[in-house]
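A structural walkthrough
Chain by chain, the residues:
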Amino acid sequence: MLSVRAVRGLRDFVLDVTLSVRCGETLVLIGENGAGKSTVLNLISGILTPDEGEITLGERTLFSDGSGIDVPAESRNVGHLFQSYALFPHMTVSENVAFGLQCRKVPRPEAALSVAKQLAAMHLADLANVNVGRLSGGQRQRVALARALVLEPELLLLDEPLAAVDMRAQGAMRRELRDRIRNAGIPCIVVTHNLRDALELADRLCLVEEGRVVADGTPEEVLGMRENGFIASFAGR
Amino acid sequence: MDSTRFRQEREVLRHGGRTRFPRGALTLLIVALLALFLLFVTLPVASLFLRISPEAFLRSLAEPVVLDALSLSLVTATVSTAIVVLFGTPLALVNARRDYPGRALVDTLTDLPIVLPPAVAGIALLMAFGRRGVVGQYLDGFGISIAFTTVAVILAQVFVASPFYIRQARASFEAIDLQYEDAARTLGASPATVALRITIPLAWSGLVSGAILSFARALGEFGATIMFAGNFQGRTQTMPLAIYTTMQGDLDAAISLAIILVVISFAVIAAVKIVTQRGI
């Protein structure tokens, strides 16, 4: 279970969100560009620090201004997928996937085994020694997911996971992604601009406007709020 | 009808011999200027090769004064480049990533040696590290003297060559997309691991070309060295100083040293081009 209360001053407004996600639950964040959705992910994974608030994941407190706790990003064990995937361009597919294990000082043979298993599960075994610059959008997405999942994270944050995957492959990739998230059995937050992502991935949907959660409910409930301008255009598409 | 006639006149003007001639002349002028400039740059360099016979060149290479200068120059320039890289890399990385009060001042100070005349650098170093210098007087108490030693040669080279590396390194670090470093952090990399395994490898070609330029500047250093380190064969007489000294007696030795420096210069240009284009 993840629970977040975070306040942070941004350039145009103060971001102030409170949300919680249960294990095995997928929360989808929607909202205008610049509403602060990606910032929420960065605050949770530790790339940014809240001005105040509290973030707890299971038994662990990741951030709390009250008790002065701020676990650094590298110790949070949160899988964070960036919009453009941020695969390390100077490494091969398997080097990318092995990176986190090496940082954790996992012994070499053990790490190699985990990487091989993860690559096989993601249908990437044939690409193990390929430089990531030569991959398609869908392949990059799978490498990024493999790189995060091999570390058995306690939380998964996905920023526009399918935006760089080409249209025809998106349907299959989305189903695959949904299965992976379900199997992982951990809390998951997905940021998206895509209605299909929201419908197929979300157990719960939150609408973020100017740094605040203005609607929180099942996809049907939130997408039914047609009086909201953003929802009307989002669901109308 | 008027406009038709006007257009016809214009056509005549445009295609007439008179307008074509100046255009051709302009091209000719530009080509001539270019040729003249290229000649101005290449002729002196070529003259070095024309003024000495291969036998005389090889004979000079065996002269102790040439050999001493060559080995001293290579050793000191290598050491000073290593020092610049060792201290300059963290400095450039911090200035590229962290904002702190006084960062602009630090940037300006690191650039200062580029615009400072070498003679000024030389006397400034002497005032700091000379026997009676601001720092040197205390070092002298411990029996350490820097001025007029090989260490002084290296210090002078570090002083004048460091901005070439630090500027290039900072620009290369700034060109890296921050998302790679953020992703590495979330995967469990400590700041040191991020720097060693992500940032430095991604900036590698820029760092190498910066180091090569810094090495070249150190190799050519003359003014600050002769004032701060003196001109003692085998200890402080680097190649530029040896050229200056030998040209007053043994011109062949001076030309031979100059030719070696020309070859190294070409190698530096070629190396930087290869490194930056291929992105090694």
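Each value, and the rule that gives it
- Residues numbered from 1 in each chain as written.
- Chains lettered and ligands numbered in written order.
- Predicted model: local features only at pLDDT ≥ 70, side-chain atom pairs only at ≥ 80, totals over all residues.
- Heavy atoms only, no water.
- Pairing = 2+ DSSP bridges.
- Helix = DSSP H or I, 4+ residues; strand = E, 2+ residues; numbered from the N terminus.
- Axes fitted to C-alpha atoms, helices over the stretch in contact; angles between N-to-C directions.
- Contact = heavy atoms within 4.5 Å.
- Salt bridge = Lys/Arg side-chain N within 4 Å of Asp/Glu carboxyl O.
- Buried < 20%, exposed > 50% of the residue type's maximum accessible area, 1.4 Å probe, protein only.
- Domains from an automatic or database assignment.
- 1 Å grid on protein atoms, 1.4 Å probe; cavity = no way out; pocket = protein on both sides within 12 Å on 5 of 7 lines; lining within 4 Å.
- Points joined across faces, edges and corners; volume = space filled by probe spheres on them.
- Nonpolar A, V, L, I, M, F, W, Y, C, P; charged D, E, K, R; others polar.

1. Focus on the sheet that holds strand β10 (residues 204-209) of chain A
Residues and elements named next belong to chain A.
- Taken together, the six strands give an open sheet; going across it, the order is β7-β8-β9-β3-β10-β11, and neighbouring strands pair in mixed fashion. The open sheet terminates on both sides in strands that have one partner only, identified here as β7 (79-81) and β11 (212-217). Strand-to-strand twist across the sheet, computed as the mean angle between neighbouring axes with direction ignored, equals 15°.
- With respect to the sheet, helix α1 (residues 37-45) is in contact with β3 (26-30), β7, β8 (156-159), β9 (188-191) and β10, its orientation differing from that of β8 by roughly 150°.

2. Observations regarding the pattern of salt bridges
- Under the counting rule described, the total for this entry stands at 19 salt bridges over all chains.
- In this structure, Glu181 of chain B engages Arg97 of chain B in a salt bridge whose closest nitrogen and oxygen atoms are separated by 2.7 Å. Of this pair, Glu181 of chain B sits in helix α9 (residues 178-186) while Arg97 of chain B is found in helix α4 (residues 64-97), placing the two residues 84 residues apart along the sequence.
- Note that Arg167 of chain B is salt-bridged to Asp111 of chain B, the shortest N-O span being 3.1 Å. Here Arg167 of chain B, found in helix α8 (residues 150-174), pairs with Asp111 of chain B, found in helix α5 (residues 103-115); they are 56 residues apart in sequence, far enough to count as distant.
- By relative accessible area, Asp111 of chain B is classed as partly exposed at 25%.
- Linked through salt bridges whose partners overlap, the residues forming this network are Arg22, Glu25, Arg204 and Asp216 of chain A.

3. Details of the domain arrangement of chain B
- On domain assignment, one finds that chain B holds domain 1 (2-48) and domain 2 (63-278).
- Look at where the C-alpha atoms of domain 1 of chain B and domain 2 of chain B centre, and you get two points 45 Å apart.

4. With respect to the layout of surface pockets
All names here are of chain B.
- Considered as a void within the structure, the largest pocket measures approximately 660 Å³ in volume.
- Around the largest pocket sit 24 residues that line it, and Arg97, Arg98, Glu181, Arg185 and Val194 are the ones nearest its centre.
- Those elements that place two or more of their residues in the lining of the largest pocket are α4, α9 and α10 (191-202).
- Across the lining of the largest pocket, the residue classes tally to 14 nonpolar, four polar and six charged.
- Size it by volume and the second largest pocket reaches roughly 270 Å³.
- Forming the walls of the second largest pocket are 15 residues, and the residues nearest its centre are Ile83, Val84, Val158, Phe159 and Ser162.
- For the lining of the second largest pocket, the elements supplying multiple residues, two or more each, are α4, α5, α6 (118-129) and α8.
- At six residues, α8 tops the list of elements feeding residues into the lining of the second largest pocket.
- Partitioning the lining of the second largest pocket into residue classes produces 12 nonpolar, three polar and no charged.

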